[in-house]
Amino acid sequence: MSDLSYLYQEILLEHNSKPRNYRTLTDATVSIEGYNPLCGDKYTLHLKLEDDIIVDIGFEGSGCAISKASTSMLTERVKGRTTSEAFSVYDAFHTMITEPGKAVDGNLLEDLELLSGVSAYPTRIKCAILAWHALKEAIEGASGSVSTE
Ligand code: ZN
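Residues numbered from 1 in each chain as written. Predicted model: local features only at pLDDT ≥ 70, side-chain atom pairs only at ≥ 80, totals over all residues. Heavy atoms only, no water.

Some words on the overall build of the chain
For clarity, the cut-off: Starting at the N terminus, helices and strands are each numbered in turn, a helix being any DSSP run of H or I of at least four residues and a strand any DSSP run of E of at least two. Each radius of gyration is computed over the set of C-alpha atoms, and the globule rule expresses the reference value as 2.2 Å times the number of residues to the power 0.38. Throughout, exposure labels follow a simple rule: accessible area from a 1.4 Å probe, protein chains only, divided by the maximum for the residue type, with under 20% read as buried, over 50% as exposed, and the rest as partly exposed.
A tally of helices and strands in the chain yields 5 helices and 4 strands. A globule of 149 residues ought to have a C-alpha radius of gyration of about 15 Å, and the chain, at 14 Å, matches this closely. Reported as C-alpha extents along the three principal axes, the dimensions of the chain are approximately 45 × 30 × 30 Å. Across the 149 residues of the chain, 40% fall into the buried class.

With respect to the pairing of strand β3 (residues 53–62)
What counts, and what does not: Two strands are said to pair when DSSP picks up at least two bridges between them.
Sheet analysis places strand β2 (residues 41–50) next to β3, joined by 9 bridges and oriented antiparallel. If you follow K48 over to β3, its bridge partner there is D56. The loop that links β2 with its antiparallel partner β3 comprises 2 residues; one of these, D51, has a positive phi angle of about 55 degrees.

Here we look at the packing of helix α2 (residues 65–78) against helix α5 (residues 122–139)
Put simply, the test is: Angles run from 0 to 180 degrees between N-to-C directions of axes, and those axes are lines fitted to C-alpha atoms, restricted for helices to the stretch in contact. Should the near helix be turned anticlockwise from the far one by less than a right angle, the crossing is termed left-handed; should it be turned clockwise, right-handed. We call two residues in contact when some of their heavy atoms are within 4.5 Å.
At a minimum axis separation of 8 Å, α2 and α5 run at an interaxial angle of 35 degrees. Here the hand of the crossing between α2 and α5 comes out right-handed. Touching I66, S67, S70, T71, L74 and V78 of α2 are R124, C127, A128, A131, W132 and L135, all from α5.

Overview of empty space enclosed by the protein
Put simply, the rule reads: Any residue with an atom within 4 Å of a point lines the site, the site being either a cavity, points on a 1 Å grid over the protein atoms alone where a 1.4 Å probe fits but cannot get out, or a pocket, an open set with protein on both sides within 12 Å along at least 5 of 7 lines. Grid points are joined across faces, edges and corners, and a volume is the space filled by probe spheres set on the points.
Taken as a whole and assessed by the stated rule, the structure comprises 1 cavity of 30 Å³ or more. Estimates place the volume of the largest cavity at around 40 Å³. I32, G34, Y43, T44, L45, T71, L130, A131 and A134 together form the lining of the largest cavity. Breaking the lining of the largest cavity down by element, the ones donating at least two residues are β1 (30–36), β2 and α5.

Quick word on the pattern of salt bridges
Test applied: Here a salt bridge means any side-chain nitrogen of Lys or Arg lying within 4 Å of a carboxyl oxygen belonging to Asp or Glu.
One pass over the structure, following the stated rule, counts 12 salt bridges. In this structure, the salt-bridge partner of E85 is R77, at a minimum N-O distance of 3.6 Å. Note that K136 and E140 form a salt bridge whose closest N and O atoms lie 3.4 Å from each other. You can call K136 partly exposed: its relative accessible area is 26%.

A closer look at the coordination of the zinc ion
Stated precisely, the cut-off is as follows: A donor here means an N, O or S atom no more than 2.8 Å from the metal, or no more than 3.2 Å when the metal is Na, K or Ca. Since water is not included, a site may seem to lack partners.
Each protein donor to the zinc ion is listed here as C39 (SG), D41 (OD), D41 (OD), C64 (SG) and C127 (SG); together their distances run 2.2 to 2.6 Å. In the primary sequence, the donor residues of the zinc ion line up as C-x1-D-x22-C-x62-C. Remark: C64 occurs in the loop between β3 and α2 and D41 occurs in strand β2; sequence separation between them is 23 residues. Classification of D41 as buried rests on a relative accessible area of 0%.

Focus: the packing of aromatic side chains
As a reminder of what qualifies: Any two of the Phe, Tyr and Trp rings considered here, Trp counted by its six-membered ring, make a pair once their centres fall within 6.5 Å; the pair's planes then place it as stacked at under 30 degrees, edge-to-face at over 60, or tilted in between.
Under the criterion given, the structure shown has 3 aromatic pairs. For the pair Y22 and F59, a centre-to-centre distance of 5.0 Å together with 90 degrees between the ring planes defines the contact as edge-to-face. Here F59 lies in strand β3 and Y22 lies in the loop between α1 (3–17) and β1, a separation of 37 residues in the sequence. A relative accessible area of 0% places F59 in the buried class. Three or more aromatic residues link up through ring pairs in this structure, and these residues are Y22, Y43 and F59.

The values reported here are purely geometric and, on their own, carry no functional implication.
Structural data, given as structure tokens:
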């Protein structure tokens, strides 16, 4: 195993054993469910929006290691940020996963770049992107549920 894939595994395991912001928000302004039927990943994302700032975020649910790590990293990355910055991160993450080789701004992605290897596994792309679709929907004001299908 290369050093990079070792690191990648470590990060995934770390987020799975200690997922960040894994809790419900009693004062959430929007909650949205994301479901990936291909893998069975199912999460509910809770956001507390004040004006255009994501002042708090939490998630609940279950799924594979990649989906859980991606959701955990998402919450860390966008908490306290503006919705427009969250959209920029969404775009960069989406491009990294679905269009490997295309240049993306690493400053936007931070440790999310560790998930770039997922792009080589088409069946896992939906696992990685699930929470991001939910985030986008939540910010755009939709409520209810979102599916990768
Ligand atoms: Zn999955």
